[in-house]
Amino acid sequence: MKTMLAIVAAMLAAVSCGQKKEEPQKALVLYYSQTSNTKAVAQEIAKLTGADIEEIVPVKPYDGDFQATINRCNEDRQQGVTPEIKPIAANLDKYSTIFIGYPVWFGTYAPPVASFLDKTDLSGKKIVPFCTFGSGGLDSSIKDLAKKQPKAEILPGYGVRAARLAAVPKEVDQFLKAGGFIEGEYVKLEPFTEQHPVSEEEAAIFNTAVGDYPMIHAQAKTVASRTIPDGTEYLFTAADLPREGAPQMPPAGEMKVYVTVINGEAPVFTQVVR
Ligand SMILES: Cc1cc2nc3c(=O)[nH]c(=O)nc-3n(C[C@H](O)[C@H](O)[C@H](O)COP(=O)(O)O)c2cc1C
């Protein structure tokens, strides 16, 4: 009998050992940032998730000057090259989830991130894109990311305008909870209503939201809306208008513009999708 009990005890021990709960695997936050906007989002994600964090660093840094950066990008593009980056110190094999962050440059992830994606195989990993931008580029950059890493699982991403960095702590918290990366309650937004032609009042909301942003010169056509905590979110469709005296910037077609109106505050646009 004693021997039987010893065998059963040994078997139970073996089973419970097999079921031993694994430590939750850490994620990695990997980001490039030229002027620290994306860095702020990266740090917030790392802080809330406890993930490791590392910056992608070009061997020859871009200087902070906007026009100089554009010129360098154009030269690189003509030569079909992306900037050399310093080796990534983290052992990527250790991570099944990688948050990849970047500023949007020319509608997609900035070239140092292209360099990283070109020489790294992320097959089988969960990739969570995040970005900062002047007006938009989350969707277009995610499409490019999915093309570049077809065997990675690209999860929904987070993007924020550089002008709205104050919203980052609240929005990143909700984004991480909605994605199941951290625990806690989050607000599930209702779907937008059907699109309908804009009223005068809605056109005024659109014009106020995009009014002082030089890259948008458009007329709102239709709109849908939904309730969000403390206000209303609008999804406008708008058409580019010709710019007088700027033939180098011809109308580029239709766009979607997300606008939020928090009760008592002026309308702000949160993202443009072209
Ligand atoms: C060369 C260059 C190209 C850019 N292209 C875009 C663009 O296509 N769309 C956009 O919305 N913002 C664009 N921006 C604005 C940046 O995405 C924005 O300032 C971002 O927050 C910078 O992030 P960082 O501080 O992490 O570098 C561009 C900025 C630079 C320097």
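Residues numbered from 1 in each chain as written. Predicted model: local features only at pLDDT ≥ 70, side-chain atom pairs only at ≥ 80, totals over all residues. Heavy atoms only, no water.

In this section: the nonpolar core. Grouped together as the largest cluster of nonpolar side chains are 29 residues, with contacts concentrated most on Ile98, Ile100, Tyr102, Val113, Phe116, Leu117 and Leu122. When residues of this core are traced back to their parent elements, those giving at least two are strand S1 (28-31), strand S3 (97-105), helix H4 (111-118), strand S5 (126-133) and helix H5 (138-148). With five residues, S3 is the largest single contributor of residues to this core. Dropping the residues within four chain positions of it, Tyr102 is found in contact with Tyr32, Thr38, Tyr109, Ala110, Val113, Pro129, Phe130, Cys131, Thr132, Ser141 and Ile142. Membership of the second largest hydrophobic core comes to 19 residues, among which are Ala27, Val41, Tyr158 and Val168. (Core = buried A, V, L, I, M, F, W, Y, C linked by side-chain atoms within 4.5 Å. Buried < 20%, exposed > 50% of the residue type's maximum accessible area, 1.4 Å probe, protein only. Helix = DSSP H or I, 4+ residues; strand = E, 2+ residues; numbered from the N terminus. Contact = heavy atoms within 4.5 Å.)

Among the structural elements, Val168 can be located in helix H6 (residues 168-178). Of the residues examined, Val168 reaches a relative accessible area of 4% and is grouped as buried.

Time to look at the site of the ligand. Contacts to the ligand come from 20 residues, most closely from Ser33, Thr35, Thr38, Val104 and Ser135. One of the backbone N or O atoms of Asn37 is found 2.8 Å from an oxygen atom in the ligand. For the ligand, the protein covers 85% of the area, taking 650 Å² as the surface of the free molecule. Counting only elements with at least two residues in the shell around the ligand, the list comes to helix H2 (37-49), helix H3 (66-79), S3 and S5. For the shell around the ligand, the per-class residue count stands at eight nonpolar, twelve polar and no charged. (Near = heavy atom within 4 Å. Polar contact = N/O pair within 3.5 Å; in protein donor to acceptor, adjacent residues only side chain to side chain. Areas by Shrake-Rupley, 256 points an atom, 1.4 Å probe, with all protein chains shown as cover. Nonpolar A, V, L, I, M, F, W, Y, C, P; charged D, E, K, R; others polar.)

Interpretation in functional terms is not warranted from these geometric data alone.
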